[in-house]
Amino acid sequence: MHRIDFVALQEPFLSSDQIDDYRNKLGYDNAVSNARSKNGCFWNSNLTCTVKSKRRQQITFHIHHTNNDNNFWFTIVYARSRAIKRRRLWNKLRSLSRQIHAPWSIAGDFNSIMTTEEKSGGNPHCLSKSTDFISCMEECGMTDPGFTGSPFTWCNGRSRGRRISKRLDGVLMNEEWDEAFNSVRIDHQSKTGSDHKLLLIRCTNDRQKVIKYFKFLNFWTDREDFLSLVESCWNTNVQGNPMWILQQKLKALAKSLSRWSRDTIGDVQENVKQMEENTRLQEEAYDLDDSEENRQELHKSQAEYIRWLKMQDSILKQKARVKWAEEGDTNSKYFHSVIRERRRKTQLHMIKNRDGDWVEGNRNIAQAAIEHFSEIFSQPNNTSDMEIVRKCEKLITDADNELLQHTPTIEEVK
């Protein structure tokens, strides 16, 4: 069972008196509905929900979560079926976007789709019908976080050949929402007595302690003392076979580079913030007194600030794995969004255990993975029959083997 703090019902058709009775039956503390009761919303006391806009096609809340002190905006929509009527909704959302500069999510029945893949059956979808919807969401800065479950949320319920399915319902969110919650999951649940699926939204801020592995940073090679450090570490005497020597030297080099980076460079993100503040103070000092000394200090601060920004951009490009960005291109906001999208795609929400059952939660997923690989690696070793290998034609000569085992020269390594 899910503990749901906020519920939105589409087309409940409840009067103001009836919605309060319904609230009591559902066990919620507060409720509100919009014109003609197209949307009914219910929430618990741990949320402080203030209605900021209420029209026939949408209700917009400012929400404060008292348990974790989060503040965000949430709009529940029920778009009308005619495109010309939906334009009023799109225009209202555009107007709201100019007022909202905080985490914001828009969810509900949009009665529109964004791509041809969001429709199955019937006549092919004409994307010109989606232009108003797409342009509105782009202007509001909304993105699709993805979902689990069936790709369609609505079906006309007709027999094969006349069946049409669409993804009319969805959840969209802006970049600030993405930054506020480190895990966002949208589930398309099964239909029960409706032609629309139920959407379950889960947003968490559970910061999992992660093991930080060594990662080589490309900008290190621009440092003057980088090569001398590598040379000093690589010249360390190690005994053993060639592969053991290589492994031990790489391990020692990784430790040395990590320690060197921590001691001589420090936290790049924090240094960028510090240099930005220093530059601001120097600019203010130069505005008050445009002396030659202040001018030189300002230029020195700006040069140092630019140097740290280049390091930050190098790290972001490397994390985002953006290879086409030209040197000098600076778009940290874009790189951060790429990194977050990559992390979101690599998140595991559920996994099948060895019994074929779906399990959720980090602990259960980890346990299922441990059991799976423990079973694989605990199986008794079976001696492979090498007779089939001996029947293969021998293509590598003894001279080739000797050459392959030869230690490479410095020139070959270069």
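This text goes with the structure placed above it.
Residues numbered from 1 in each chain as written. Predicted model: local features only at pLDDT ≥ 70, side-chain atom pairs only at ≥ 80, totals over all residues. Heavy atoms only, no water.

Looking at this structure, I do not really get the pattern of salt bridges. What am I missing?
All chains considered together, the criterion is met by 15 salt bridges. The closest approach of N and O atoms between Asp144 and Arg167, which form a salt bridge, is 2.7 Å. Residue Asp144 is found in the loop between α3 (131-139) and β9 (154-155), and its partner Arg167 is found in the loop between β10 (165-166) and β11 (169-173); the two are separated by 23 residues along the sequence. Of the residues examined, Arg167 reaches a relative accessible area of 10% and is grouped as buried. A salt bridge links Glu371 to Arg354; the nearest nitrogen and oxygen atoms lie 3.8 Å apart. Of the two residues, Glu371 is situated in helix α10 (residues 362-377) and Arg354 in the loop between β14 (350-352) and β15 (358-360); the sequence distance between them amounts to 17 residues. Of the residues examined, Arg354 reaches a relative accessible area of 54% and is grouped as exposed. Among the charged side chains, a salt-bridge network with shared partners connects Glu118, Asp144 and Arg167. (Salt bridge = Lys/Arg side-chain N within 4 Å of Asp/Glu carboxyl O. Helix = DSSP H or I, 4+ residues; strand = E, 2+ residues; numbered from the N terminus. Buried < 20%, exposed > 50% of the residue type's maximum accessible area, 1.4 Å probe, protein only.)

Sorry if this is basic, but what is going on with the sheet that holds β11 here?
Strand pairing in a sheet takes place through backbone hydrogen bonds and is either antiparallel or parallel in direction. Spatially, β4-β5-β6-β7-β11 is the arrangement adopted by the five strands of the open sheet, whose pairing is mixed. Each edge of the open sheet is held by one strand with a lone partner, namely β4 (47-54) and β11. Sheet twist, expressed as the average angle between the axes of neighbouring strands with direction ignored, equals 20 degrees. Sheet topology places strand β5 (residues 58-65) next to strand β6 (residues 70-78); eight bridges connect them, and they run antiparallel. Looking across to β6, one finds that His65 is bridged to Asn70. (Pairing = 2+ DSSP bridges. Axes fitted to C-alpha atoms, helices over the stretch in contact; angles between N-to-C directions.)

Honestly, helix α2 (residues 83-97) in this entry has me stumped. Any pointers?
Taking 1.5 Å per residue, 15 residues should reach 21 Å; α2 reaches 21 Å between its end C-alpha atoms and fits that length. Along α2, the positions that sit buried rather than exposed are Arg86, Leu89, Trp90, Leu93, Arg94, Leu96 and Ser97. Buried residues of α2, viewed axially, fall in a sector of 155 degrees; they line one side. Those residues of α2 that are exposed and aimed more than 90 degrees away from the buried face are Ile84 and Arg88. On the buried face of α2, the contacting elements are β4, β5, β6, β7 (104-109) and α3. (Expected span 1.5 Å × (residues − 1). Arc of directions from axis to C-beta. Contact = heavy atoms within 4.5 Å.)

Please explain the pairing of β6 as it appears in this structure.
Taken residue by residue, a regular strand's side chains alternate between the two faces of the sheet. Burial runs high along β6: eight of the nine residues are buried. Where β5 hands over to β6, the hairpin turn is made up of four residues, of which Asp69 adopts a positive phi near 65 degrees. Where β6 and β7 come together, six bridges link them in parallel fashion. The residue of β7 that forms the bridge with Thr75 is Ile106. After leaving β6, the chain enters α2 and then returns to the sheet as β7, a path that is right-handed. (Right-handed = clockwise from strand over helix to strand, strands pointing away.)

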